[in-house]
Amino acid sequence: MSPALPRSVHPVAWWGWALGLAVAVSAVTNPFLLLAALGVAALVVTSRRGSSPWARSFRLYLWLGVFIVLVRTVLHVLVGLKTGDTVVLPLPEVTLPSWAAGIDVLGDVRLEGLLRAVTDGLRLAVMIACIGAANALANPKRLLRSLPGALSEIGSAVVVTITVAPQLADSVQRVMRARALRGDTARGIRALPRIALPVLEDTLDRSLMLASAMDSRGYGRRRVVTPGARALTSVCTLGGLLASAIGIYGILDSSTPGWLGAPALLTGAALSLAGIWLGGRANARSTYRPDPWRAAEWLAVGSGVAAAVAVRVVLRADAASLGMPLDPLSVPALPLVAVTGLLVAALPAFLTPPPPPPATRGTTTRTAPIPVVAT
Amino acid sequence: MSTPVVQLDRVSVTFDGAPGPTLRDVSLRIDEGELVLVVGRTGSGKSTLLGTITGHVPHFTGGTLAGHVRLLGRDTREHRPRDLADLVGVVGQDPLAGFVTDTVEEELAYGMEQLGLGAATMRKRVEETLDVLGIADLRGAALRELSGGQQQRVAIGSVLTAHPRVIVLDEPTSALDPTGAEDVLATITRLVHDLAVTVVVAEHRIERVLQYADTVVHVGTDGVVTQGDPATAMVTADVAPPVVELGRWAGWSPLPLSVRDARRRATAWRSLAPRHPDRIPTDGPTLVEARDVVITHGPVVAVAGVDLTLRGGEVTALMGRNGAGKSSLLWGLQGSGDLRSGSVRVHATDGPRDGVDVHRLDAAQRRRHVGLVPQSAADLLYLDSVGAECVQADRESGREAGTCRGLLDGLAPGVPDDRHPRDLSEGQRLAVVLAVQLTADPPVLLLDEPTRGLDYAGKAALRRSLHDLTARGRSVVVSTHDVEFVAETADRVVVLAAGEVVADGPTREVVVSSPAFAPQVAKITAPQPWLTVDDVRYAVGAPS
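Rules behind the numbers
Residues numbered from 1 in each chain as written. Chains lettered and ligands numbered in written order. Predicted model: local features only at pLDDT ≥ 70, side-chain atom pairs only at ≥ 80, totals over all residues. UniProt positions renumbered as here; feature names shortened; annotations may be inferred. Pairing = 2+ DSSP bridges. Helix = DSSP H or I, 4+ residues; strand = E, 2+ residues; numbered from the N terminus. Axes fitted to C-alpha atoms, helices over the stretch in contact; angles between N-to-C directions. Contact = placed C-beta atoms within 7 Å. Nonpolar A, V, L, I, M, F, W, Y, C, P; charged D, E, K, R; others polar. Domains from an automatic or database assignment. Expected span 1.5 Å × (residues − 1). Buried ≥ 20, exposed ≤ 12 C-beta atoms within 10 Å, placed from the backbone. Parallel < 35°, antiparallel > 145°, perpendicular 65-115°, else oblique. Left-handed = near helix turned anticlockwise from the far one by under 90°. Right-handed = clockwise from strand over helix to strand, strands pointing away.

An unreviewed UniProt entry annotates chain A as Cobalt ABC transporter permease originating from Knoellia aerolata DSM 18566. If you open the UniProt record of chain A and go to Subcellular location (unreviewed entry), you find "Membrane".

So, in structure tokens, the structure goes:
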């Protein structure tokens, strides 16, 4: 098979893959499996991320994970329940007054309890890394573009908000510089109205100009919809909402009859989806160069699901092998099925098409002029 | 006769709270493939007229519209701007403000997506448009990183992909340097010639577009609109570029509209003795001495080793491409912008002999030495009335009450005290900012692109104010793209390119020979060293 041509994989596929991996990890505290999952996520991110700014965000999620593990450990040392026999760090225990009984502040840190805290923290950290991987692999703007028709205008609004933020920073900077020209370098609360007012005016102006530009380019255009179709859409969305509410109530309250639970929720979801689909038909909008959904997308989603299924299978057969054996303390097991499942999730790193190369500007500014040699 | 593309039928527009209608009983007819130039004084209702064609007036702006506006039979009464998106494309003054997406290709496709065109059609049209506009190499580029001229061409392209029958442009070149403006105008004429698109364009710098126009629509300050053949309409228009002014004075009929036309008429003048009014050589005291100024913004070198001496009694024009380092240099000269190396010393009569380094002063002292009016002048105003701004200016400059108001009355008489700065015209707002900065009485005044949005009368008023300052021994630096304003105003021109000074000398010597910076009169009468209509009047005497 010849290697696939570079293209960006559908963002929804990456999210499916990442959620599958996260679901797999959620039942695991075995550090071998957790580190394997983290390795898989890191491998796929480094080999398939694009050139956009958010593609570099994976590192931030890793730091967040490190932070979570540290916080979990520190909390354990401070107030955690210290179980086990092996004392690693002898600390005096602070006796609290009777109204706070049950909370141990400090006290001897024991290996078993510490390991439990660390593996718990690690599990959360790896799940967050999975979400981070999805964020780094899937361009959020492209994700918004693949929203269904009825929601596409909300997607546009979000994109515009993201775009406007740097402009706001620009205008704050400009106004600060302008103030210095009037000899006004006051800072703090007194300076606020003098900065806020021009910036607010500027932002409002820009928003109005943008709104007017979007309006004249057809934003919010509607196809002609018959009153019947419009009524049907309303019935579907409202009915779906109502049925979903009843369904959730039914599931949460065990005293209600069974048919009020899952069946009602499913009906509600189906009605809502139908409403969104019908509403989308009124919207004339189409998508330029939509991301295709081909074999690579199925492969990405499938490998994520495979990891989740493999771990679930192990959970039924041999749940203990997924945990950190603390009582008695021993080396964690290496369940073959779960490891294989996680390794399958690494396949997108090799079998999906590579990301397209970064866009280059045709003309570059401020390069030195090429010297012309006289002949 | 075929259906007109745009038809206005007895249209009047009145905005709430306005004393009278902005447009009065307008009837217009625009046919397919015409290039219509809309001219008029600032605030005369040009934008309102364009707004009625696009449906923004009154759907977006409010106000009351009487009469009918029809686009190929579709009445804007029943159709909102979004329903006209397949017929009319709108391009504004600031392209960046209208961009919805962030790369060139997505922006070109955005309008088509809203119209719900098929994927194959969209793909094809994006490629065609990239080629028509000559921006194929920019397809993946981020919009914010493009130059002004490129952004404006993308903005035109983004409406062009929807294949509109009419494109309406409101001052498309006012923020561009002469080269960027040429590119955009070339694009516009190409649309008219090759694609039979009807183009309606409003422009302050009429000289740039007039020669291409098929029809001129003149909007009077009283809201009366007249439509006519360019040569006829310009005879009486209350705004006139130099070529028209020259033609009117010389009594040429029909009026020449392009440099080429006028040059053929002016053959006799070329053999006259090259007399011109001597500008009094400036030998005022040195006020500012900049030595080897280097300014960087991150990795970008904005100003690369500039030496500049500013003398009293002199208007210096700073010219050059967008991004040549003009603004950076002005901020560096004022002292608010940081220098990487070099020094800027200001000499005051009662100060130390070798001057004061502006970068060591605090902001309040600095503005007493060098005043700066930035590009977006309105940033300086943050109070809710002109009167309050003036009082605040007196206080922050330590002057007696009424100084600023007095200056303002000298610059632009009759600006009411209780008016909000945002409700002023461009010219009045500039006058308020100028008065605020002059309240500190700095010996040196720097202005960054002050002529943007000013019509010919507004520019003349600014010119008089600047000459008043130099007559009192002050030094003025104006950074601008406006060659006509430079020709009439500046004593000296400094041209920057890539952060370096490439030309520095008296206006006449620098601009006459330059293809990019020569004013119209110089092009018409070359090889005569005349820059303005006044120069010609002086040299020729009476028209033959």
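Having seen it, we continue.
Right, let's get into the sheet that holds strand β13 (residues 314–319) of chain B. Residues and elements named next belong to chain B. Taken in spatial order, the 6 strands line up as β16-β17-β18-β13-β19-β20 in an open sheet, and their pairing is mixed. For this open sheet the edge positions go to β16 (370–373) and β20 (500–506), each flanked by a neighbour on one side alone. Between one strand axis and the next, the sheet turns through 15° on average, direction left out of account. Sitting on the sheet, helix α15 (residues 426–438) touches β16 and β17 (444–448), and the angle it makes with β16 is about 165°.

All names here are of chain A. Within the UniProt annotation, "transmembrane region" (unreviewed entry) is assigned to residues 12–45, 60–81, 121–138, 231–252, 258–278, 298–317 and 329–351. Secondary structure content for residues 258–278 is 81% helix and 0% strand, and the end C-alpha separation is 30 Å. Secondary structure over residues 329–351 splits into 57% helix and 0% strand, and the C-alpha atoms at its two ends are 40 Å apart.

Between chain B and chain A, the contact holds 50 residues from the first and 43 residues from the second. Secondary structure elements with two or more residues in the side of chain B that touches chain A: β6 (88–91), α3 (95–98), α4 (104–115), α5 (119–132) and α12 (363–369) of chain B. When residues of the side of chain B that touches chain A are assigned to their parent elements, the largest contribution, 8 residues, is made by α4 of chain B. Classifying every residue of the side of chain B that touches chain A by side-chain character gives 26 nonpolar, 12 polar and 12 charged.

Domain parsing of chain A yields domain 1 (11–146 + 293–351), domain 2 (149–216) and domain 3 (227–282). The C-alpha-based centres of domain 1 of chain A and domain 2 of chain A are spaced at 40 Å.

Right, let's talk about helix α4 (residues 111–137) of chain A for a bit. If you check α4 of chain A, its first and last C-alpha atoms are 38 Å apart, about what 27 residues at 1.5 Å a residue would give, namely 39 Å. Counting buried positions along α4 of chain A yields 20 of 27 residues, so the element is predominantly enclosed.

This next bit is on the packing of α15 of chain B against helix α16 (residues 456–471) of chain B. All names here are of chain B. Interaxial distance between α15 and α16 falls to 10 Å at its minimum, and their mutual angle equals 15°. Put simply, α15 runs roughly parallel to α16. Between α15 and α16 lies a crossing whose hand is right-handed. Here α15 contributes Glu 426, Gly 427, Leu 430 and Leu 434 to the contact with α16, which in turn contributes Gly 458, Ala 461, Leu 462 and Ser 465. Its residues assigned to classes, the contact of α15 with α16 shows 4 nonpolar, 3 polar and 1 charged.

All names here are of chain B. Extensive coverage of strand β8 (residues 198–202) is indicated by the burial of 5 of its 5 residues. Of the two faces of β8, both are covered, the one formed by Thr 198, Val 200 and Ala 202 as well as the one formed by Val 199 and Val 201. As defined by bridge partners, strand β3 (residues 35–40) adjoins β8 across 4 bridges and the pair is classed as parallel. Bridge pairing in β8 links Leu 35 to Val 199. Sheet analysis places strand β7 (residues 166–170) next to β8, joined by 5 bridges and oriented parallel. Each bridged residue has a counterpart across the sheet, and for Asp 170 the counterpart in β8 is Ala 202. Note on the crossover from β7 through helix α7 (residues 178–195) to β8: the handedness is right-handed.

Residue and element names in this part refer to chain B. Taken in spatial order, the 4 strands line up as β2-β1-β4-β5 in an open sheet, and their pairing is antiparallel. Unpaired on one side and paired on the other, β2 (23–30) and β5 (74–75) mark the two borders of the sheet. Inspection of the sheet shows strand β4 (residues 64–71) paired to β5 by 2 bridges, in the antiparallel sense. Its bridge partner being in β5, Leu 71 is matched across the sheet by Arg 74. Sheet contacts for helix α1 (residues 46–54): β1 (6–14), β2 and β4; angle to β1, the most-contacted strand, approximately 125°.

All names here are of chain A. Viewed as axis vectors pointing N to C, helix α2 (residues 31–48) and helix α11 (residues 336–344) meet at an angle of 15°, and their least axial separation amounts to 9 Å. It follows from the interaxial angle that α2 and α11 lie roughly parallel. Regarding α2 and α11, the two cross each other, and that crossing is right-handed. Along its contact with α2, which presents Leu 33, Ala 36, Ala 37 and Val 40, the element α11 presents Ala 338, Val 339 and Leu 342.

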